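# Tertiary structure, described
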Amino acid sequence: RAILKPVYLVVDRAGGGKTNLLCHVAERCGTDAPVFFVAAKSVPSADASAIQQYLASCYPTGDDPINDAVKAYEDTDIRCLVIIDGINEHLDPRGFNGALKAFVRRYYGKPVSFLISCRDLYWRYFEDDWWLNHGAVIYRDNLYGFSRAEYAQALRLYLRAFDIEVTPVDDAKEHLRH
């Protein structure tokens, strides 16, 4: 039985919008499917059981909230989504890398996908064949700059949210595109 590649990876520079993207995905997908969000730096130690215990403390449905969700949706085509943000920000990133791989393996053959982010400067410490074999898609360096339409919308919303009245021009306008 073939294992579908369950991991989607977002690798980009600091300030590129990884966390915002993952939060947006959680909000959108969470209306139709179970979504679990983990900031890697919040997991207290670098082992797979610590990840599961952290999830159980945040989503108190039982010892394994992901399995609970899988069971709750077993007669549907709905997949659970586990989002793990900033794997490079864990106190023991190399250890967390191994723990994360073991954690993903726990859900082989189950309708669970993983969306994981890492800062580009640190990705070389994680990148190996395992990620290539388990990663359905690796989005790399695609977030940094807004398209012109995205920029217009984002700038308008940002200025309104912080009650700022300004019209950026020339270089300032271009620098704000990220």
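Preceding this paragraph is the structure being described.
Worth saying up front: this structure is predicted, and the values here are computed from it rather than measured.

## Details of helix H4 (residues 93–105)
- Under the 1.5 Å per step criterion, the end-to-end length of H4 is 18 Å for 13 residues, consistent within 8% with the ideal 18 Å.
- Those residues of H4 that fall on the buried side of the exposure criterion are Phe96, Asn97, Ala99, Leu100, Lys101, Phe103 and Val104.
- On its buried face, H4 is in contact with strand E1 (7–12), helix H2 (48–58), helix H3 (65–72), strand E3 (80–85), strand E4 (112–119) and helix H6 (129–134).

## Topic: the pairing of E3
- For E3, the tally of buried residues reaches six of six residues, placing the bulk of the element in the interior.
- Going residue by residue along E3, you find Cys80, Val82 and Ile84 tucked away on one face and Leu81, Ile83 and Asp85 tucked away on the opposite face as well.
- Both strand E2 (residues 35–39) and E3 contribute to a ladder of five bridges, which runs parallel. Directly across from valine 38, in E3, lies its bridge partner isoleucine 84.
- Pairing between E3 and E4: five bridges, direction parallel. Within the sheet, the bridge partner assigned to isoleucine 83 lies in E4 and is leucine 115.
- In this fold, the crossover linking E3 to E4 by way of H4 has right-handed handedness.

## Here we look at the side chain of aspartate 64
- Looking at the element boundaries, aspartate 64 is found in the loop between H2 and H3.
- Within the structure, the side chain of aspartate 64 is placed 2.8 Å from the side chain of tyrosine 107, a separation counted as a polar contact.

## Considering the pairing of E4
- For E4, the tally of buried residues reaches seven of eight residues, placing the bulk of the element in the interior.
- Bridge count for E1 against E4 is six bridges, and the pairing is parallel. Each bridged residue has a counterpart across the sheet, and for valine 10 the counterpart in E4 is serine 117.

## Observations concerning the nonpolar core
- One finds Ile84, Ile87, Leu100, Phe103, Phe114, Ile116 and Trp131 to be the most contacted residues of the largest nonpolar core, which totals 33 residues.
- Only E1, E2, H2, H3, E3, H4, E4 and H6 provide two or more residues apiece to this core.

## Details of the packing of aromatic side chains
- Considering all chains together, one arrives at seven aromatic pairs under this definition.
- With a centroid separation of 6.3 Å and an interplanar angle of 15 degrees, the aromatic rings of tryptophan 123 and phenylalanine 126 are classed as stacked.
- For tryptophan 123, a relative accessible area of 1% translates into the label buried.
- Judged by its relative accessible area of 2%, phenylalanine 126 falls in the buried class.
- Within the aromatic cluster, the residues linked to one another by ring pairs are Trp123, Phe126, Trp130 and Trp131.

Cut-offs used in this document
- Residues numbered from 1 in each chain as written.
- Predicted model: local features only at pLDDT ≥ 70, side-chain atom pairs only at ≥ 80, totals over all residues.
- Heavy atoms only, no water.
- Helix = DSSP H or I, 4+ residues; strand = E, 2+ residues; numbered from the N terminus.
- Expected span 1.5 Å × (residues − 1).
- Buried < 20%, exposed > 50% of the residue type's maximum accessible area, 1.4 Å probe, protein only.
- Contact = heavy atoms within 4.5 Å.
- Pairing = 2+ DSSP bridges.
- Right-handed = clockwise from strand over helix to strand, strands pointing away.
- Polar contact = N/O pair within 3.5 Å; in protein donor to acceptor, adjacent residues only side chain to side chain.
- Core = buried A, V, L, I, M, F, W, Y, C linked by side-chain atoms within 4.5 Å.
- Phe/Tyr/Trp six-rings, centres within 6.5 Å; stacked < 30°, edge-to-face > 60°.

Read these as geometric descriptors, not functional statements.
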